[in-house]
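Reading the structure
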Amino acid sequence: MNMTEEAQGAAHQQVLVEFRPQMLKFARLQLQDEASAEDVVQDTMAAALAGMQGFLGRAAFKTWVFTILRHKIVDLLRHRGRLVEVASLERGEEDMDEAFETLFKANAHWHATTRPRNWGDPEEALNQRQFWQIFEACLEVLPAKTARVFMMREFLGFETEEICRNLEISTSNCHVVLHRARSGLRQCLEKGWFLAGEVSPC
Amino acid sequence: MLTCKEATHLMSEAQDRTLTRVQRLSLRLHLLICRGCRNFQRQMLFLRRACHLFRDRED
């Protein structure tokens, strides 16, 4: 199905309207404050409509909008010094890096038990609805900032330079963030889907 | 000689920029002898494909 950009835009507005109560509920729960919740959802909807996601399908658009919302809420909570709430809302970057480090021996080669496994024929997964639920869940536990950079690259098709300029981060930092997102997703999918039936070795 | 950890960084960066000739060669050499990294490489390509499919999904 190939929608015109206009039809796609209307569909996205529809998604935003339908999604608004859920966003509000989430924002209220996190912020514990009605006025800020309204503001942050309003900001998110404006940012989402800003035009650069015209071609996203419904599922990816919702995930993208939710990532913007989460990013804004985390910023606000950090600003208020409420770090415990931030920690409950997303995995920390340090946390992810630590999880990645544990895959390696001291010499920076894979541990025999954590070496990336053969996923068999992963194409099969792409036809299964449950796979996409896991995929979405794995995206949603990425730190909001990490997820945002990753989605700008993979969903919105920005070049790395554009992302760096846009978010005012260095190119090397951008590469670090993208590597973190990809290895995190890889680990999450391996655990949540590809090896889900196996007993963990530890 | 590239470590596996370094190799994962190059495999990720290869999706965002053109690696230098030296980087490409050392990665290719590493992949020849490392099964874990070959799997990682395939998984990176799968991840990109999955992202593009997810981007276009309507449900």
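I will try to describe carefully the structure that is included in this document. Values in this document were obtained by computation on a predicted structure and should not be read as measured data.

Before going further, it helps to examine the overall build of chain A. A tally of helices and strands in chain A yields nine helices and zero strands. The order of helices and strands in chain A, counted from the N terminus, is α-α-α-α-α-α-α-α-α. Once the C-alpha set of chain A is aligned to its principal axes, its extents read approximately 50 × 45 × 35 Å. A buried classification covers 45% of the 202 residues belonging to chain A. Within chain A, contacts between residues separated by at least 24 positions form 66% of all contacts whose residues are at least 6 apart in sequence.

Inspection of the entire model under this criterion finds 16 aromatic pairs over all chains. Ring centres of W110 of chain A and F40 of chain B lie 6.0 Å apart, and the angle between their planes is 35°; this geometry places the pair in the tilted category. With W110 of chain A in the loop between α5 (93–101) and α6 (129–140) and F40 of chain B in helix α3 (residues 35–56), this pair bridges two chains. Just as W110 of chain A is buried, F40 of chain B falls in that class too. Each residue in the set W119, F131, W132, F135, F155, W193 and F194 of chain A together with F46 and F54 of chain B is aromatic and connected to the rest through ring pairs, giving one cluster. The aromatic ring of F19 of chain A is capped on one face by K62 of chain A, whose charged end is 5.0 Å from the ring centroid.

Moving on, we come to the packing of helix α1 (residues 5–31) of chain A against helix α2 (residues 34–49) of chain A. All names here are of chain A. In contact at an axis separation of 9 Å, α1 and α2 are set at 145° when each is read in the N-to-C sense. For the crossing formed where α1 meets α2, the hand is right-handed. Contacts between α1 and α2 involve Q13, L16, R20, M23, L24, A27, R28 and L31 from the first element and E34, S36, A37, E38, V40, V41, Q42, T44, M45, A48 and L49 from the second. Class assignment for the residues of the contact of α1 with α2 results in 11 nonpolar, four polar and four charged.

Within the largest apolar cluster, 76 residues are counted, with the highest numbers of intra-cluster contacts made by I73, F131, F135, L139 and F155 of chain A. At 11 residues, helix α3 (residues 58–79) of chain A tops the list of elements feeding residues into this core. Once residues lying within four places of it in the same chain are set aside, the contact partners of L139 of chain A are T63, R70, A147, F150, M151, F155 and L185 of chain A together with F54 of chain B.

Turning next to the state of the cysteines. Residue and element names in this part refer to chain A. Counted according to the given criterion, the structure contains one disulfide over all chains. Disulfide partner of C138: C188, at an S-S distance of 2.1 Å. Disulfide C138 to C188: torsion about the S-S bond roughly -80°, handedness left-handed. Separated by 50 residues along the polypeptide, C138 in helix α6 and C188 in helix α9 (residues 171–194) bring together distant segments of the chain. Taking relative accessible area as the criterion, C188 reaches 24% and is therefore assigned partly exposed.

In this model α3 of chain A runs 32 Å from its N-terminal to its C-terminal C-alpha over 22 residues, within 8% of the 32 Å that 1.5 Å per residue would give. Of the residues trailing α3 of chain A, G81 of chain A is marked for its positive phi of about 75°.

Locating F46 of chain B in the fold gives a position in helix α3. Along the primary structure F46 of chain B and S12 of chain B are separated by 34 residues, whereas in three dimensions their C-alpha atoms are 12 Å apart. Apart from residues lying up to four places away in sequence, F46 of chain B is in contact with W119, P122, E123, L126, F131 and F194 of chain A.

This part covers the side chain of T160 of chain A. Looking at the secondary structure, you find T160 of chain A in helix α8 (residues 160–167). Classification of T160 of chain A by relative accessible area gives buried; the value is 1%.

This part takes up the interface of chain A and chain B. How big an interface is tends to be stated in terms of the accessible area lost upon association of its parts. With 45 residues of chain A at the interface, the matching set in chain B holds 35 residues. Buried surface at the junction of chain A and chain B, summed over both partners, amounts to about 3600 Å²; 62% is from carbon and sulfur atoms. Counting across the chain A and chain B interface gives five salt bridges. Taken together, the connections running from chain A to chain B amount to 16 residue pairs in polar contact (both at pLDDT 80 or more). Sorting the residues of the side of chain A that touches chain B by element identifies α3, α5, α6, α7 (144–154) and α9 of chain A as the ones contributing at least two each. Broken down by element, the residue count for the side of chain A that touches chain B peaks at nine residues, all from α9 of chain A. Looking at the side of chain A that touches chain B, its residues break down into 24 nonpolar, nine polar and 12 charged.

As a further point, take a nonpolar patch on the surface. Nonpolar side chains collect at one region of the surface, where M1, L29, L32 and I33 of chain B lie side by side and expose about 510 Å² of accessible area between them. What makes I33 of chain B exposed here is its relative accessible area of 64%.

Each value, and the rule that gives it
Residues numbered from 1 in each chain as written. Chains lettered and ligands numbered in written order. Predicted model: local features only at pLDDT ≥ 70, side-chain atom pairs only at ≥ 80, totals over all residues. Heavy atoms only, no water. Helix = DSSP H or I, 4+ residues; strand = E, 2+ residues; numbered from the N terminus. Buried < 20%, exposed > 50% of the residue type's maximum accessible area, 1.4 Å probe, protein only. Contact = heavy atoms within 4.5 Å. Phe/Tyr/Trp six-rings, centres within 6.5 Å; stacked < 30°, edge-to-face > 60°. Lys NZ or Arg CZ within 6 Å of the ring centre and 35° of its normal. Axes fitted to C-alpha atoms, helices over the stretch in contact; angles between N-to-C directions. Left-handed = near helix turned anticlockwise from the far one by under 90°. Nonpolar A, V, L, I, M, F, W, Y, C, P; charged D, E, K, R; others polar. Core = buried A, V, L, I, M, F, W, Y, C linked by side-chain atoms within 4.5 Å. Disulfide = S-S within 2.5 Å. Expected span 1.5 Å × (residues − 1). Buried area = accessible area lost by both parts, 1.4 Å probe. Salt bridge = Lys/Arg side-chain N within 4 Å of Asp/Glu carboxyl O. Polar contact = N/O pair within 3.5 Å; in protein donor to acceptor, adjacent residues only side chain to side chain. Patch = residues over 30% accessible without salt bridge, like charges linked within 9 Å, V, L, I, M, F, W, Y side chains within 5 Å. Areas by Shrake-Rupley, 256 points an atom, 1.4 Å probe, with all protein chains shown as cover.

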